[in-house]
Amino acid sequence: MTLANSLAALDAAHQLHPFTDARALEEKGPIIIEKGDGVRVWDSTGKEYLEGMSGLWSVALGFGEERLVKAAHEQLQKLPYYHTFSAKSHEPSIRLAEKIAEMAPEGLNHVFFTNSGSEANDTVVKLVWYMNNALGRPQKKKFLARKNAYHGITMASGSLTGIEADHTDFDLPILPVIHLTTPHFYRFGAEGETEAQFTARLLKEIEDTIAREGADTIAAFIGEPVMGAGGVLVPPAGYWPGVAEICRKNDILLIADEVINGFGRLGTTFGCQRMGFTPDIMSVSKQLTSSYMPLAAVVFSDAVYNAVADNSHRLGGFAHGFTASGHPVATAVGLENLKIIEERGLVAHAAELEPMFQKGLRDMLEFPIVGEARGVGLIGAIDLVADKATKRKFSKPGQVGQIANGFAHEEGLILRAIGDTLALCPPMISTEAEVAEMLRRMRVAVERTVKAVA
Ligand code: PLP
């Protein structure tokens, strides 16, 4: 038995995998990824892949950045762990908090560290509730979110998530959350409706919801500037500025979930900047450390901070935090990662690659099964459909996506099949030639899928 075979057997015997059919894994075994370098990873059979998904939309600097390894190593030697509870602090967390505040939109000067994006969004909920209790408005607790949004999988963040499969049999949502229409014109635009009319309808839905529920019961609106895990869904023009205006008018906090968009993915430092709005709170993670270490953060305004700080003083402490909040190794890696993103101009690089990347995706509209191609910056997707004219979906949702995903794998490209949507999110360090090669392999996978489903 080879090492790969025995590892596969051990994996099936002992490890339950996220977002995986456990019985299928027992039968087929996992794909064991052994090593990585640049935009490539290799599996245990020696097969090489272009990592067109940056892992989980996160490995901005690719899989072999020595400076991040060095930053971790040096911090491990100096101070491998210390916490940030009870007024303790350490330099890496301080420096990274300062760096995030410097990069963040005007007025977002305060940072709370967590280990994951889910914990960041749970922290957002608690922060907002704590603030509203402190301000003497305990009834202002509801969240507005969107169908198909992904905000994480813990009890609160999983409740904000608007993907049905992530709720099924987990008894979610547990929060008072209202999931509004997904801002995706191709799929949710009504027959004969223009994009501008679609935007107006969605904004009216928000206003009507607020009028129905009462603005004094709604704490916040949360959304990813461009939705990621829901299928790379780009909102229609005017949507975000409209949402921001409605929130301001109604004293509802606006929260940008920048876990995928943040640190350059859309060709701007944060997705909200590209989409034309300024939030009160952002959650960030993923490209914060290029996923070399688990780390996330909530970034918030002076107004939120002041209400929370006053209340922590009144109560004798802000009773929230994690053993690893601001972990020194994770924050040291995050700081080095952000420095590299700046030094190498990777945000501008994403903007420069955008035209060829997005054109490459849109060129796939020539295939009879590609219904829509979309994206912004260095994130994009195509939708596979049974009938382009009517946008009719395939009879078994997700099956054709899996076929295409299998072909991409054979061609040496890791992409992500989300139902019958194929997403691509190249590392931010990708060269134009590497992005072109990812697109070429994706085209081959789609061509083979066209023949397979004919
Ligand atoms: N928010 C968004 C937009 C995400 O895409 C994700 C994860 O993909 C999360 C939150 C949750 O982050 P984590 O998986 O680190 O808990």
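First, a word on what this report is: a plain description of the structure on this page. (Residues numbered from 1 in each chain as written. Predicted model: local features only at pLDDT ≥ 70, side-chain atom pairs only at ≥ 80, totals over all residues.)

Moving on to the overall build of the protein chain. On a plain count of helices and strands, the protein chain comes out with 16 helices and 15 strands. Taken over the C-alpha trace, the protein chain has a radius of gyration of 22 Å; the compact-globule value for 454 residues is 22 Å, and the two agree within 12%. In terms of overall dimensions, the protein chain has C-alpha extents of about 65 × 60 × 45 Å along its principal axes. Across the 454 residues in the protein chain, those meeting the buried criterion constitute 48%. Within the protein chain, counting contacts between residues at least 6 apart in sequence, those at least 24 apart form 69% of the total. (Helix = DSSP H or I, 4+ residues; strand = E, 2+ residues; numbered from the N terminus. Rg over C-alpha atoms; globule rule 2.2 N^0.38 Å. Buried ≥ 20, exposed ≤ 12 C-beta atoms within 10 Å, placed from the backbone. Contact = placed C-beta atoms within 7 Å.)

Our next topic: the nonpolar core. One finds Ala297, Val299 and Met442 to be the most contacted residues of the largest nonpolar core, which totals 130 residues. If we skip the residues at most four places from it in the chain, Met442 touches Ala408, Leu413, Leu415, Leu422 and Leu424. (Core = buried A, V, L, I, M, F, W, Y, C linked by C-beta atoms within 7 Å.)

On to the sheet that holds strand β4 (residues 108-114), then. In spatial order, the strands read β4-β10-β9-β8-β7-β5-β6; together these seven strands make up an open sheet with mixed pairing. Each edge of the sheet is formed by a strand with only one pairing partner; in this case those strands are β4 and β6 (177-180). Averaged over all neighbouring strand pairs, the angle between strand axes comes to 20 degrees, with direction disregarded. Where β4 meets strand β10 (residues 296-301), six bridges bridge the pair, whose relative direction is antiparallel. What sits directly across from Phe113, in β10, is Ala297. Relative to the sheet, helix α6 (residues 117-134) contacts β4, β7 (218-223), β8 (253-257), β9 (281-284) and β10, its axis offset from that of β10 by approximately 30 degrees. (Pairing = 2+ DSSP bridges. Axes fitted to C-alpha atoms, helices over the stretch in contact; angles between N-to-C directions.)

Attention now goes to the packing of α6 against helix α12 (residues 302-315). Running from N to C, α6 and α12 cross one another at 70 degrees; their axes reach a closest spacing of 9 Å. Viewed along their axes, α6 and α12 adopt a mutual orientation that is roughly perpendicular. Handedness of the crossing formed by α6 with α12: left-handed. Contact residues: α6 offers Leu127, Tyr130, Met131 and Ala134, while α12 offers Val304, Ala307, Val308, Asp310 and Asn311. When the residues that make up the contact of α6 with α12 are grouped by side-chain class, the tally is seven nonpolar, one polar and one charged. (Parallel < 35°, antiparallel > 145°, perpendicular 65-115°, else oblique. Left-handed = near helix turned anticlockwise from the far one by under 90°. Nonpolar A, V, L, I, M, F, W, Y, C, P; charged D, E, K, R; others polar.)

All right, on to helix α15 (residues 399-410) then. Compared with an ideal rise of 1.5 Å per residue, which puts 12 residues at 16 Å, α15 spans 17 Å between its outermost C-alpha atoms and is within 8% of the ideal. Residues Val400, Gly401, Ala404, Asn405, Phe407 and Ala408 constitute the buried set of α15. One side of α15 holds all its buried residues, which, seen down the axis, span an arc of 160 degrees. Contacts made by the buried residues of α15 are with β12 (379-384), β13 (413-414), β14 (416-418), β15 (421-424) and α16 (432-453). In the stretch just after α15, Gly412 is the one whose phi turns positive, near 80 degrees. (Expected span 1.5 Å × (residues − 1). Arc of directions from axis to C-beta.)

Moving on, we come to the packing of helix α9 (residues 195-213) against helix α10 (residues 239-249). Where α9 contacts α10, the two axes come as close as 10 Å, and the packing angle between them is 20 degrees. Taken together, the axes of α9 and α10 are roughly parallel relative to one another. Here α9 and α10 pass one another in a crossing that is right-handed. Taking contact as the criterion, the partners of Thr199, Leu202, Leu203, Ile206 and Glu207 in α9 are, on α10, Tyr239, Gly242, Val243 and Ile246. Considered class by class, the residues forming the contact of α9 with α10 number six nonpolar, two polar and one charged.

The element β12 is extensively covered by neighbouring structure, given that six of its six residues are classed as buried. Residues Ile379, Ala381 and Asp383 line one face of β12 and the alternating positions Gly380, Ile382 and Leu384 line the opposite face, and both faces are buried. The turn linking strand β11 (residues 370-376) back onto β12 is made up of two residues, and Gly377 within it adopts a positive phi angle of 60 degrees. Strand direction decides the pairing type here: β12 and β15, joined by four bridges, are antiparallel. Along β15, the bridge assignment pairs Ile382 with Leu422.

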